[in-house]
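Listed below are the residues making up each chain.
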Amino acid sequence: MIEHPCVQETVVEVMMEMDVPLYKLRHPSLKKLADICNREMPSESFGRKLVTKFADKKLATIKTKIGNSPYYLIADESQYKKSKYVLVIIGNLHTPNINYVGCCKVVQTADSSSVLIVTDDFIKSLALERERFLLFISDAATYMVNCAESLKLLYPKMRHVTCLSHLLHNCAENVRISFPAVDKLIASVKAATHKNRTRQQLFVDNGISLPPQPVLTRWGSWLEAAMFYAEYFIDVQRTVLSFEDDRFLVASAKSAVSDARVQDELILICLYRPLVAMVKKFESKNATIVDAFRTLKNLMDTLRENDPAEILPYIEGRIQRMKDLREIVEGDGEEGRRLQPSEYSLLQNAPPSGADVERAFSRLNSMLEDNRNFAESNVEKYFLCYANLNSD
């Protein structure tokens, strides 16, 4: 049997990119494949020795992709199991719809200092030019805003924009809270049908699809479900009232569809239909800051005429606090901090959302399953390979 180091390394690299645990190298089926190909498969110990090499290879590729170009960073933190992680995503402003997971660090506390240190250390590790760091995207949490203000002292050209998709999610959450009868309707029908195929089939038999089952932390999903009920409420009501069981979950659903307030609330919720499309638009790879800002301005103009959930003051407050966002859109800044016209042009076409870091956290969560046991020092190395599959 032929031992070929290049083939062995490729097998290990592919497994890491596919998030296949390296202990699977011990699986008997791989021995069959090795016999067919007349190649020696790598051992588990051999594979683990390559983890650092492949992680460094990914970082070197990212550094090459950024080069000397202006770049942006998206940062966020989250907790999985008992560990807190800070993720930093980096993108070249000349190709803003392509970005890479640059680092994934375990921190003791999630505060402005931790995020600042992780972000600054990451930039130093790639030896990127400080003057080329033009945009920092984060959520609007106080400690992230404080982190951004500290970063500006180190990176004088950096501008900070808080995630506009998250702004829309908060608006949708305010809409949900403002219409409790519809909120109860959506929750109770979801509870009554979630694991009951007989009740699910009744919707199909009545000519409609099963109502959406939103996850509150998934941006805009509740509002999208509300629009479904507004479109098919009579059919949903007829179907739910036909449920034969009258135990607690079904009784709650029947009570919710019979609530006299529901129809009036659904009519008012339809005023916020544009939010559904806006969330998807802002999360897309082709979204830009300038287009997102104009879309928000149009929404604000519409809400001045009718805004029963009173989300307009919240949007205006967020926009007012984002001085850097207004500067980017206007293409002009304060004397002494003004950027070059070409730099404003790049920023105007930068992403308006931190959706990519949320997607990265979802992938990290799937990687850190209960049947996996990572040393903290190895989490970042494995994740760089897994999350940057198309970086080469």
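Refer to the structure above for everything that follows.
Owing to the predicted nature of the structure, the values given are computational and were not obtained by experimental measurement. (Residues numbered from 1 in each chain as written. Predicted model: local features only at pLDDT ≥ 70, side-chain atom pairs only at ≥ 80, totals over all residues. Heavy atoms only, no water.)

1. Considerations on the packing of helix α15 (residues 312-321) against helix α16 (residues 323-330)
Moving on, step 1. Contact pair α15 / α16: the axes reach a minimum separation of 5 Å and the direction vectors enclose 75 degrees. Relative to α16, the element α15 lies roughly perpendicular. Contact residues: α15 offers I319, Q320 and R321, while α16 offers K323, L325 and R326.
Moving on, step 2. Within the contact of α15 with α16, the residues separate by chemical class into 2 nonpolar, 1 polar and 3 charged. (Axes fitted to C-alpha atoms, helices over the stretch in contact; angles between N-to-C directions. Helix = DSSP H or I, 4+ residues; strand = E, 2+ residues; numbered from the N terminus. Parallel < 35°, antiparallel > 145°, perpendicular 65-115°, else oblique. Contact = heavy atoms within 4.5 Å. Nonpolar A, V, L, I, M, F, W, Y, C, P; charged D, E, K, R; others polar.)

2. Structural notes on the pattern of salt bridges
Moving on, step 1. The full count for this structure, using the stated rule, is 22 salt bridges.
Moving on, step 2. Between K152 and D324 there is a salt bridge; the shortest N-O distance is 2.7 Å. Highlighted residues: K152 in helix α6 (residues 142-154) and D324 in helix α16, separated in sequence by 172 residues. For the pair K152 and D324, one class covers both residues: buried.
Moving on, step 3. For K285, the salt bridge identified is with D356, shortest N-O distance 3.1 Å. Of the two residues, K285 is situated in the loop between α13 (273-283) and α14 (289-303) and D356 in helix α18 (residues 355-367); the sequence distance between them amounts to 71 residues.
Moving on, step 4. Residue class for D356 comes out buried when judged on its relative accessible area of 16%.
Moving on, step 5. Because the salt bridges share partners, they merge into one network encompassing D120, K124 and R130. (Salt bridge = Lys/Arg side-chain N within 4 Å of Asp/Glu carboxyl O. Buried < 20%, exposed > 50% of the residue type's maximum accessible area, 1.4 Å probe, protein only.)

3. A few points about the environment of D35
Moving on, step 1. Relative to the helices and strands, D35 is located in helix α2 (residues 28-37).
Moving on, step 2. Linking D35 and I117, residues 82 residues apart in sequence, is a C-alpha distance of 49 Å.

4. Observations concerning helix α12 (residues 261-269)
Moving on, step 1. Among the residues making up α12, those that are buried are V262, E265, L266 and I269. Angular distribution of buried residues about the axis of α12 spans 105 degrees; they occupy a single face of the element. When the buried face of α12 is taken as reference, the exposed residues oriented beyond 90 degrees from it are D264 and I267.
Moving on, step 2. Among the structural elements, α7 (164-178), α8 (180-193), α10 (221-241), α11 (248-257) and α13 are those in contact with the buried residues of α12. (Arc of directions from axis to C-beta.)

5. Concerning the side chain of H169
Moving on, step 1. Mapped onto the fold, H169 is located in helix α7.
Moving on, step 2. According to the relative accessible area criterion, H169 is buried, its value standing at 13%.
Moving on, step 3. Among residues more than four places away in sequence, those in contact with H169 are L216, T217, R218, W219 and G220.

6. A word on the sheet that holds strand β4 (residues 133-138)
Sheets are built from strands paired through backbone hydrogen bonds, the pairs being either parallel or antiparallel.
Moving on, step 1. Across the sheet, 5 strands lie side by side as β3-β2-β1-β4-β5; this open sheet has mixed pairing. Of all strands in the sheet, those with a lone pairing partner are β3 (99-107) and β5 (159-162), marking the two edges. Strand-to-strand twist across the sheet, computed as the mean angle between neighbouring axes with direction ignored, equals 20 degrees.
Moving on, step 2. In this structure, β4 lies alongside β5, joined through 4 bridges in parallel fashion. Looking at β5, one finds that I137 is bridged to V161.
Moving on, step 3. α18 rests against β1 (71-80), β2 (83-92) and β3 of the sheet, and its axis sits at about 40 degrees to β1. (Pairing = 2+ DSSP bridges.)

7. Some remarks on the environment of A225
Moving on, step 1. Tracing the sequence through the fold places A225 in helix α10.
Moving on, step 2. The exposure class assigned to A225 is buried, which follows from its relative accessible area of 0%.
Moving on, step 3. When the C-alpha positions of A225 and M278 are compared, they lie 15 Å apart, and in sequence the two are 53 residues distant.

8. Some remarks on the nonpolar core
A general feature of soluble globular proteins is that nonpolar side chains tend to end up buried together.
Moving on, step 1. If you look at the biggest cluster of nonpolar residues, it comprises 104 residues, and the most contacted ones within it are V175, L223, L296, I315, L364 and F383.
Moving on, step 2. The biggest single contributor to this core is α10, with 10 residues.
Moving on, step 3. For L296, the contacting residues outside a window of four places in its chain are L164, L167, L168, M278, F282, I315 and I319.
Moving on, step 4. Listed in part, the 27 residues of the second largest apolar core include A75, V88, C103 and V115. (Core = buried A, V, L, I, M, F, W, Y, C linked by side-chain atoms within 4.5 Å.)

9. A closer look at unusual backbone geometry
Glycine aside, the phi torsion of most residues is negative, and most peptide linkages are trans.
Moving on, step 1. Positioned with a positive phi, D19 is a non-glycine residue whose angle comes to about 60 degrees.
Moving on, step 2. Relative to the helices and strands, D19 is located in the loop between α1 (5-17) and α2.
Moving on, step 3. Positioned with a positive phi, E310 is a non-glycine residue whose angle comes to about 55 degrees.
Moving on, step 4. Within the element layout of this structure, E310 appears in the loop between α14 and α15.
Moving on, step 5. A relative accessible area of 60% means that E310 is categorised as exposed.

10. Examining the side chain of T162
Moving on, step 1. One can find T162 in strand β5.
Moving on, step 2. Among the polar contacts listed, one links the side chain of T162 to the side chain of R318, at a separation of 3.2 Å.
Moving on, step 3. Discounting chain neighbours no more than four positions away, the residues touching T162 are S138, D139, A140, R318, M322 and P352. (Polar contact = N/O pair within 3.5 Å; in protein donor to acceptor, adjacent residues only side chain to side chain.)

11. With respect to the packing of aromatic side chains
Moving on, step 1. Enumeration according to the criterion identifies 8 aromatic pairs in this entry.
Moving on, step 2. A ring pair is formed by Y80 and F361, whose centres lie 6.0 Å apart and whose planes are at 35 degrees; its orientation type is tilted. Of this pair, Y80 sits in strand β1 while F361 is found in helix α18, placing the two residues 281 residues apart along the sequence.
Moving on, step 3. Site record: aromatic cluster; members linked through ring pairs are Y71, F133 and Y155.
Moving on, step 4. A cation sits over an aromatic face here: R363 above Y386, 4.4 Å from the ring centre. (Phe/Tyr/Trp six-rings, centres within 6.5 Å; stacked < 30°, edge-to-face > 60°. Lys NZ or Arg CZ within 6 Å of the ring centre and 35° of its normal.)

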